[in-house]
Every structure is written in C-alpha cells, then in structure tokens.
Amino acid sequence: MTKPIEIIPHTGKLGVLTPGMGAVSTTLYAGVFAARKGIAEPIGSLTQTGRIRLGKRTEGRSPLIRQFVPLAPLDDIVFGGWDPYSDDAYTAAMKAGVLRPEHLEAVGDELRMIKPMKAVFSHRWVSRLEDTDNVMDNGSMMSQVEALIEDMEQFKVEHGCDRLVIVWCGSTEAYEEPSEVHMTLASFEEGLRNNHAHITPSQIYAYAALLAGVPFANGSPNLTVDIPAMTELAARQGVPIAGKDYKTGQTLIKTIIAPGLKARMLGIRGWYSTNILGNRDGEVLDDPENFRSKEVSKLGVLEQILQPELYPQLYGDLYHLVRINYYPPRGDDKEGWDNIDIFGWLGYPMQIKIDFLCKDSILAAPLVLDLALFMDLAQRAGQKGIQEWLSFYFKSPQTGPGLYPENDLFIQLKKLKNTLRHWMGEELITHLGAEYYE
Ligand SMILES: NC(=O)c1ccc[n+]([C@@H]2O[C@H](COP(=O)([O-])OP(=O)(O)OC[C@H]3O[C@@H](n4cnc5c(N)ncnc54)[C@H](O)[C@@H]3O)[C@@H](O)[C@H]2O)c1
C-alpha cells in the first residue's frame, strides 16, 4: 500500500453548469432526476454503476467506484446552463426529441426550473443556428468574461452550491487551428480586450471558468482548453481541464474494434465510416466548417491506435474516410455504418460490416455526468491542468506537449482506474499475476 493523497471531502451542493442546453444536456438532467426518483437506472455511467477491483484476484474486493472515491452523490447535484435559445430545459428536451414525453413528464417540474442564462454566442462560429433570442449583449469579450463570472457567482449563491464544474455541451464551433493569440496567456488576454477574431465563444467560457477557479471539460471537438494560453491559466489557477469531444457512437466502436484487430496483427486496408443523423448537432455539422472540427477529431484515433509507422506492412496503406450526413427524419437516432477491409494470413482479404443504430445523446449523457463528478473530484484531490486519466471519455484526448494521446478504450480504462487506486493508496494493478503460481 502507498500513502493515499489528501482529498477534500465532498460537502454541500455541486453545481454542474453546461454551456449548451440541447439534446445531450437535457438528456443528462432528465436522467439524473429520474435516477434520483428511483424511476430509472443511470446505465452507461462508470461513476454510478462501475466497480473497481482492489488488491489480488483472491481478495474479492470490488467496491462501486462511487463508494471507493468520495464523489458528489446525485442528490447533491444542481444543474444550470447557458444557451442562445431561451427555452427551459423541459421545452428544449421536448424539441430535442431524445426522451419520450412520458419520461420527460415524470421529471417535468425539475426540468422546467432550469432556465438558460444568456449565452456568449457568435454566428461566425456556429452559422446554422438562426433566430436566437437569449444572447448576451455584444460588449467586449472581456466584459462577456466578467458577465459569465457573475453568472457563476450568482448561480452558486442562488442554489447554495459549495463548488461548480463546467462541461461544454454547446454546438460544435467552426474549425480553427491554434494561432498567435492562443499561444500565451498574455496574448490571449490582450485578444480578449481587443475582440480578437480568432477567439471563440467556447474559449471565452473556458477562460471565465478557469479565472473563477472552476474546472472545465470540453465535450465538443472545438479548440477550447487545448491551447497553451489555457494550460498556462489552468496551471496558474490550480484548476483541472480536460477534452475533447465525447467518445460515443461510431468512434466508441472504432476504439473497441481497432485495438482487437491490432492485437491479432490483422492488417487493415480501408475503413469507411458514414453516419446519418437528424438532430440539431447534425444540422450544425452539415456546415463544412463545423464538420471539419469533427472530422479531424474522428480521423485521429485509428492512426494512433494502429501505429502505421511501427507496422507499415499492416497499416501503412490504410484509407480512412469519415462522413456525416444530415438526415432530419432520424432525429437523434443516428445510424453509423462502418465497412472495414481487413487482411490476414498471406494477405487474404476479409470484410467486417458494422451498422450501429444508436442514440447519440443516450450514449453521451452518462459521459457528461462522469466527467462532471471526476473533474470535481480531481479538483478536491489537488490536481491541476490536463487530466489525461479522463481520456476514456474523449475522441481526441488532450495530453501534455510532446505526448501522443492514448485512444485504446481499454488502456484508457486501466489508466483511469489506476489513477483512482493511486490516489486512494491502493496497489496499482499490472495484470502480471505471477504471484498466484509461486
Ligand atoms: N451526442 C453525442 O454523442 C456527442 C458526441 C460527441 C460530441 N458531441 C458534441 O456535444 C455537443 C452537444 O451535442 P448536442 O447533441 O446536445 O447538440 P444540440 O445541438 O442539441 O445542443 C447544443 C446546444 O448548444 C447551444 N449553443 C450553441 N452555441 C452556444 C454557445 N456559444 N453558448 C451556449 N450554448 C450554445 C445550442 O443552441 C444548442 O441548444 C455538440 O458540440 C456535439 O458535437 C455530442
């Protein structure tokens, strides 16, 4: 046993704020309210249903993760958010059409109480959203930062929260590469004062959060906390950050299948992935500038898992294509098709076809819950900056400079669990197991 690290106990209420109160957020809120009332199970959430093995296989110790580490319980969460549309969470959830009306009715009173705060929003970055009616006045970016901090403080007081955490659930912003203004905190702050054209709304939220000492996780592929200015600020303020882009749907399946094929040293010649999706997220991603953000995040995973530079004969010629087609009749019920052209012994070709009829927000909501609870835990455990142990949740995990991200879902899970064991002073599990045979 090693010495556990000091973790400040959870007390009072935890405010979970989401910029973006659309399909994913409202499905999260409704699910947590339903679980609290005992009318649904929080399936898909590692923090709520997952267990962690401790010690030797012979010891039989596998507590629930939420009993092993001091997470905030569901009863102590208060939700809030910002959105450029003024719909309360009940109306927004009805419009998103993910959960059936009978499920929403059962938690309708709680959902109606969640009214969005005015959003920092710009059509330059999300052009497809029209007729917005709940946008902050266009002052300078620095005054928007101040207004967001005031929103957070007010929320804390109004709801009696001890702490806050922010998880970005807003639309995907147009693709952007890091530029000069993102490189240092000083240049970023200068940019905020001058309304710099390359500072996006999500970056303004993130800056405000970190300045207020609130952990920030990014669920979209936007360039947000993954810029040097933000890592500098997070380090200075002692606040955890994590990102980016929830690993759900097709990429989840990809990061389950690809490590398996690689483990057996099977070659892959092509991987064609296409999606049809009819929700608002799909509509935003129909714009090529916004899709580009998603494409970059989706394409990266195979390259890292398969390591073509080490296995050129197996993966050196891989053709990887990802498409998303906006198709309104399907709403949130996404269909993700994959055709994988693989080859085996003596180069003989084979094919795998996957047709995943999934529900995007049903897969994403539990990830937002876990991220909120783990980010809050990390802060109480004195962690600051990039939380790479939360890579498990992301398509495009943020890492320190010079480190490649780990995309294999099972390595990510091991890393997450070993981090918790380490914090709590338990032995790390290496799966060597030689002692059982000595
Ligand atoms: N559902 C999934 O499986 C999944 C997976 C990975 C990533 N994501 C990302 O999560 C995000 C949310 O997805 P969703 O399905 O809920 O989308 P959605 O379109 O239903 O909701 C997004 C909400 O964000 C709001 N918004 C846009 N700009 C904003 C701003 N500047 N400030 C505050 N709110 C803003 C929109 O009005 C909308 O209500 C998207 O970026 C999506 O790409 C979702």
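Just so you know, these numbers come straight off a predicted model, no measurement behind them.

**Student:** Before we move on, can you summarise the overall build of the protein with the specific residues and values?
**Tutor:** In terms of regular secondary structure, the protein is built from 16 helices and 11 strands. Taking 22 Å as the expected radius of gyration for a compact globule of 438 residues, we find that the protein reaches 22 Å, a close match to that expectation. Structurally, the protein occupies a C-alpha span of about 65 × 50 × 50 Å along its principal axes. Within the protein, buried positions represent 46% of all 438 residues. Counting contacts in the protein only where the partners sit at least 6 residues apart, residues at least 24 apart contribute 78% of the total.

**Student:** Describe the domain arrangement of the protein, listing the residues and the values that go with them.
**Tutor:** For the protein, the domain assignment lists domain 1 (13–246 + 362–423) and domain 2 (249–359). Averaged C-alpha coordinates put domain 1 and domain 2 at centres separated by 25 Å. Of the residues lining the interface, 27 residues belong to domain 1; the matching set on domain 2 comes to 30 residues.

**Student:** Give a detailed account of the packing of helix α1 (residues 23–36) against helix α4 (residues 89–96), specifying residues and quantitative values.
**Tutor:** Where α1 contacts α4, the axes come no closer than 9 Å and their chain directions differ by 115°. Crossing angle aside, the handedness with which α1 passes α4 is left-handed. Seen from α1, the contacting residues are A23, T26, Y29 and A30; seen from α4, they are A89, A92, A93 and A96. Per-class residue counts for the contact of α1 with α4 are seven nonpolar, one polar and no charged.

**Student:** Describe the nonpolar core, listing the residues and the values that go with them.
**Tutor:** I166, V167, V368 and L371 are the most contacted members of the largest nonpolar core, which totals 95 residues. If one sorts the elements of this core by residue count, helix α15 (residues 360–380) sits on top with 12 residues. Dropping the residues within four chain positions of it, V368 is found in contact with V24, L28, V167, C169 and G219. Membership of the second largest hydrophobic core comes to 10 residues, among which are V301, L306, Y315 and I340.

**Student:** Tell me about unusual backbone geometry, residues and numbers included.
**Tutor:** Geometrically, the link from G243 to K244 is a cis peptide bond, its omega value of -10° lying close to zero. With respect to the helices and strands, K244 occurs in the loop between β6 (240–243) and α11 (249–263). The backbone phi angle of H431 is positive, close to 65°, even though this residue is not glycine. On the secondary structure map, H431 appears in the segment after α16 (409–423). Of the residues examined, H431 has 6 C-beta atoms within 10 Å and is grouped as exposed.

Reading the values: the criteria
Residues numbered from 1 in each chain as written. Predicted model: local features only at pLDDT ≥ 70, side-chain atom pairs only at ≥ 80, totals over all residues. Helix = DSSP H or I, 4+ residues; strand = E, 2+ residues; numbered from the N terminus. Rg over C-alpha atoms; globule rule 2.2 N^0.38 Å. Buried ≥ 20, exposed ≤ 12 C-beta atoms within 10 Å, placed from the backbone. Contact = placed C-beta atoms within 7 Å. Domains from an automatic or database assignment. Axes fitted to C-alpha atoms, helices over the stretch in contact; angles between N-to-C directions. Left-handed = near helix turned anticlockwise from the far one by under 90°. Nonpolar A, V, L, I, M, F, W, Y, C, P; charged D, E, K, R; others polar. Core = buried A, V, L, I, M, F, W, Y, C linked by C-beta atoms within 7 Å.

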